[in-house]
Amino acid sequence: MGLLTPDRSQYPALRADGSLDIDLSSGKYLKLWQGPQHPGITGNMSLELTVCGDEVVEGKTHVGFLHRGFEKLMERRTFIQCFPIVCRICVPEPDFNEYCYAAAVEELAGIEVPEAAHWIRTLILEMGRINSYLMYLGGQAGALGLGVIGQWTTHARDLMLDRFEELTGARVYHLFILPGGVRDGLPAGFAGRMAETLRELETTLRDVHETLFCNAVFKKRTVGQGVIDPAWLEPYGVTGPNARAAGVPRDVRRDFPYLVYPQLDFAPVTGQDSDIYTRADVRRRDLLLSVDLIRQILARMPRQGPFMAPLPNVLHWRIPPGETYVRGECSRGEYGYYLVTDGSGHPRRVNVRGPSYTHAVALLERMIVHCNIADVAALMVSLHTYPPEIER
Amino acid sequence: MKAELEKRLVTGPDGVEFEVDPLRDYYCDALPEVQRPAYLRIVEDLFNWARAESIWILGFGTGCGAIEMRPLMTPRFDAYRYGIQWRPTPRQANLFVISGYLSVKTLKRVIRSYEQMQNPKYVVGLGSCTLNGGMYFDSYNTIKRLDQYLPVDLYITGCMPRPEALLAGFLELKKLIRAGKAEGANQYAANFAWYKANQKQVIHDWDMPDYNW
Amino acid sequence: MPSNADPMSLAGVHARLQALFPLGDLAPRRAGLAFVDLPATCAPPALSHLRDREGFGHLVLLTAVDWLEEELFQLTYLVCNREARLDLGLRVRIPREPARMESIHDIWPTAATYQRELREMFGIDFPGSPRLDEAFILEDWRDIPPYRRDFDTLRFARENFAERPGRETWDPASHMRQRLYPEANPGMDPSVPGDRS
């Protein structure tokens, strides 16, 4: 267990009850709140830092600023009424909630989804992943003061949002994946315009690679910083790019294949050094992998076909008792829904397992010790935390 | 109340002992005042013109609507051409965009940030959830009407509003400011007791001064 | 070995575990996911065993389900074996009053976060878990824990937050009945909002 507790040899002594002996009135330590109103914080959460000089000796994550009680609200909505609210759990990548919830409902209700819907779902999830990674790249650069990268990636994300709008009719919350399938097929000419967007995206990524990943400032501040020890992966439940950057090829798309991923040709992107730079690089290469996957999907997907399985009357839809867990690989790691039904028209219990739940609380509190104040924002962004999936 | 907010004796690094009462020492307890318009109409018009052309938004994403603010900063929508820009601290900002639902925990921080902003200041409520609760009408943790707690000058509806809707809303706010009708801050000062009573009704552990600026 | 099942399957894991702990029957959900009941006192040692001997190193989630009618909380520990691609959910039933369970933060440090949430949202006590009584999501909550089934969120919202008049809510089923079969419901105009739920 010594591995999981930070080195406390030159810092405030540990009291018997495990807390730190920090006397704020001695003037040696200072308590510093970063967030919720702070530009260097991801979303709406806050960090309570105790610093000695400019070194953090203790950090605590405070969440709950975005809590709406989704899990409670879903218990008093019918299965179909839950759909408009699930996507609002995660703004940058809302489709994952729709997919996971739909898959859980389909599994418990025994609905067979048509083949064409599987392909379109995969397409939408990959498009959402691209959006989320683009937000991340801009944020990671912005946390180190490189504002222009964010301008480019936000623009590239806008281009992808245009494709989303064409396909689903909405920019941010799409509600395209429903239980039983998807709402519709691809519009005419979509594949051609998507190919053009992907080309522009690759141009942007080439520019980002040259200006960010080859930038001396970025390298000096991120290489060797914020290392996740591979031994922490299991105890802290680290998943997704954070784990892959440590050299462990954990990818739900390959380990627990879902949708049409078994038919696609890809290998998980991994890194070696597990620092902030490697995590950013893994995400950049993962983004290129998503571009490749979208090309494969568009080339091979069936254009015709039923996109929706016949559903019972959704107003009186009862699902037999059961419980299940459905997972997928979102841009931040393993995203899952645990759904319990009791034979009534409402879910008995829904639990959302967001990857940030472990990354932003237990892991971040461990990693932040001995970190410089100026690097806290970069470290936090590099874990790609997103608060609403912690508190729902 | 948190231990660090309680009155206590502190020994400084130089060995001198002194008493600290954070809630009284760190804040000014003067209440907000209604700002009267300038005596001359033409001077007030000039002020309003200047205010309307420099809308500086506080960078506090309180809810999911914040994600549509980011595209506004890029060349595609380019809000900067209207004199709109984002500032990291409340002291430099004059527009608070409440970007979506407010949980009770956030409301407390929002009130603090709002009160720290300098006059003239404006509030825009973004999304249906600031209007009437929207999707979260039955949630136990989000407020349903923003105007019970803060003076709202303008609402932008939608869930969530598109960047174009935000731009249209900001232009509408400019017109209000130009016409001298964006009187939210004065309304807050005039009805201060009513707003405070409403705020304290939902925020139980009120561990800050009544007006902290 | 009490069973000759494939050692790398959930049935094999279940058989080996059953030799050590008084386990219930395996309830398979789909290939690679099954749930099993066990008594509360056996859960931490069983989880330890699964982590160290069976390769279930990843705690996917820890959550609770409120079975109000049976006066029980169900705690679900979902653990995952990445190499063998297996998920096993351990279901533990504990009484609702007093709701108490042994902490597993020493098996997985990240479980402390889950236990803080369960403490706050369900009122389940996990003695010894770090920072258990610090506020996690809610701030100064004075009602019963909100995820319990007997907490009525709509009533709480109506009592505590001012509502803007004019908001209409329809019950979908009765609204559609009026729209589709107006003759069966005379006197109800479908264009007039009604049936506030």
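Here the structure is shown first, and the text comes after it.
Here goes a summary of the coordinates provided. (Residues numbered from 1 in each chain as written. Chains lettered and ligands numbered in written order. Predicted model: local features only at pLDDT ≥ 70, side-chain atom pairs only at ≥ 80, totals over all residues.)

## Things to note about the interface of chain A and chain B
So, point 1. Each partner contributes residues to the interface: chain A has 27 residues there, and chain B has 34 residues.
So, point 2. Elements represented by at least two residues in the side of chain A that touches chain B include exactly helix 2 (83-86) and helix 5 (147-168) of chain A.
So, point 3. Of all the elements, helix 5 of chain A adds the most residues to the side of chain A that touches chain B, at 4 residues.
So, point 4. Class assignment of the residues belonging to the side of chain A that touches chain B gives a composition of 11 nonpolar, 11 polar and 5 charged. (Contact = placed C-beta atoms within 7 Å. Helix = DSSP H or I, 4+ residues; strand = E, 2+ residues; numbered from the N terminus. Nonpolar A, V, L, I, M, F, W, Y, C, P; charged D, E, K, R; others polar.)

## Overview of unusual backbone geometry
So, point 1. The omega torsion across Asn 119 of chain B and Pro 120 of chain B is -10°, close enough to zero to call that bond cis.
So, point 2. Inspection of the secondary structure assignment puts Pro 120 of chain B in the loop between helix 3 (104-116) and strand 6 (122-126).
So, point 3. Cis geometry marks the peptide bond from Glu 97 of chain C to Pro 98 of chain C, where omega comes out at -10°.
So, point 4. In this fold, Pro 98 of chain C is placed in the loop between strand 5 (86-95) and helix 3 (111-122).
So, point 5. For His 370 of chain A, which is not glycine, the phi torsion reads 75° and is therefore positive.

## Notes on the environment of Leu 31 of chain B
Residues and elements named next belong to chain B.
So, point 1. Within the secondary structure, Leu 31 is located in the loop between helix 1 (22-25) and helix 2 (41-53).
So, point 2. In sequence terms Leu 31 and Asn 212 are 181 residues apart; their C-alpha atoms lie 8.7 Å from each other.
So, point 3. Apart from the residues lying within four places of it in its own chain, the contact partners of Leu 31 are Phe 192 and Tyr 211.

## Points about the sheet that holds strand 6 (residues 322-330) of chain A
Residue and element names in this part refer to chain A.
So, point 1. Read from one edge to the other, the open sheet built from 3 strands follows the order 6-7-8, with strand pairing classed as antiparallel. Strands at the two margins of the open sheet, each flanked by one partner only, are strand 6 and strand 8 (347-353). Here the average twist between neighbouring strands, direction ignored, is 15°.
So, point 2. As paired elements, strand 6 and strand 7 (residues 333-341) share 9 bridges and run antiparallel to each other. The residue of strand 7 that forms the bridge with Cys 330 is Gly 333.
So, point 3. Lying on the sheet, helix 3 (residues 95-109) is in contact with strand 6 and strand 7; it crosses strand 6 at an angle near 150°. (Pairing = 2+ DSSP bridges. Axes fitted to C-alpha atoms, helices over the stretch in contact; angles between N-to-C directions.)

## Topic: the environment of Pro 75 of chain B
Residues and elements named next belong to chain B.
So, point 1. Tracing the chain through its elements places Pro 75 in the loop between strand 3 (56-58) and strand 4 (85-87).
So, point 2. On the basis of neighbour count, Pro 75 is assigned to the partly exposed category, with 13 C-beta atoms found within 10 Å.
So, point 3. Separated by 96 residues in sequence, Pro 75 and Leu 171 have C-alpha atoms that sit 18 Å apart. (Buried ≥ 20, exposed ≤ 12 C-beta atoms within 10 Å, placed from the backbone.)

## Here's the deal with the interface of chain C and chain A
Accessible area lost upon the coming together of the parts is a frequently used measure of interface size.
So, point 1. The interface is formed by 33 residues belonging to chain C together with 34 residues belonging to chain A.
So, point 2. Those elements that place two or more of their residues in the side of chain C that touches chain A are strand 1 (26-30), strand 2 (33-37), strand 3 (58-67), strand 4 (72-81), strand 5, helix 3 and helix 5 (172-180) of chain C.
So, point 3. When residues of the side of chain C that touches chain A are assigned to their parent elements, the largest contribution, 6 residues, is made by strand 3 of chain C.

## Some thoughts on the sheet that holds strand 2 of chain C
Sheet strands pair via backbone hydrogen bonds, and the direction of the pair is either parallel or antiparallel.
All names here are of chain C.
So, point 1. With respect to topology, 5 strands assemble into an open sheet ordered 1-2-5-4-3, the strand pairing being mixed. Only two strands of the sheet have a single neighbouring strand rather than two, namely strand 1 and strand 3. Across the sheet, the mean angle separating the axes of adjacent strands is 20° when strand polarity is ignored.
So, point 2. Where strand 1 meets strand 2, 4 bridges bridge the pair, whose relative direction is antiparallel. When the bridges of strand 2 are listed, Arg 30 appears paired with Leu 33.

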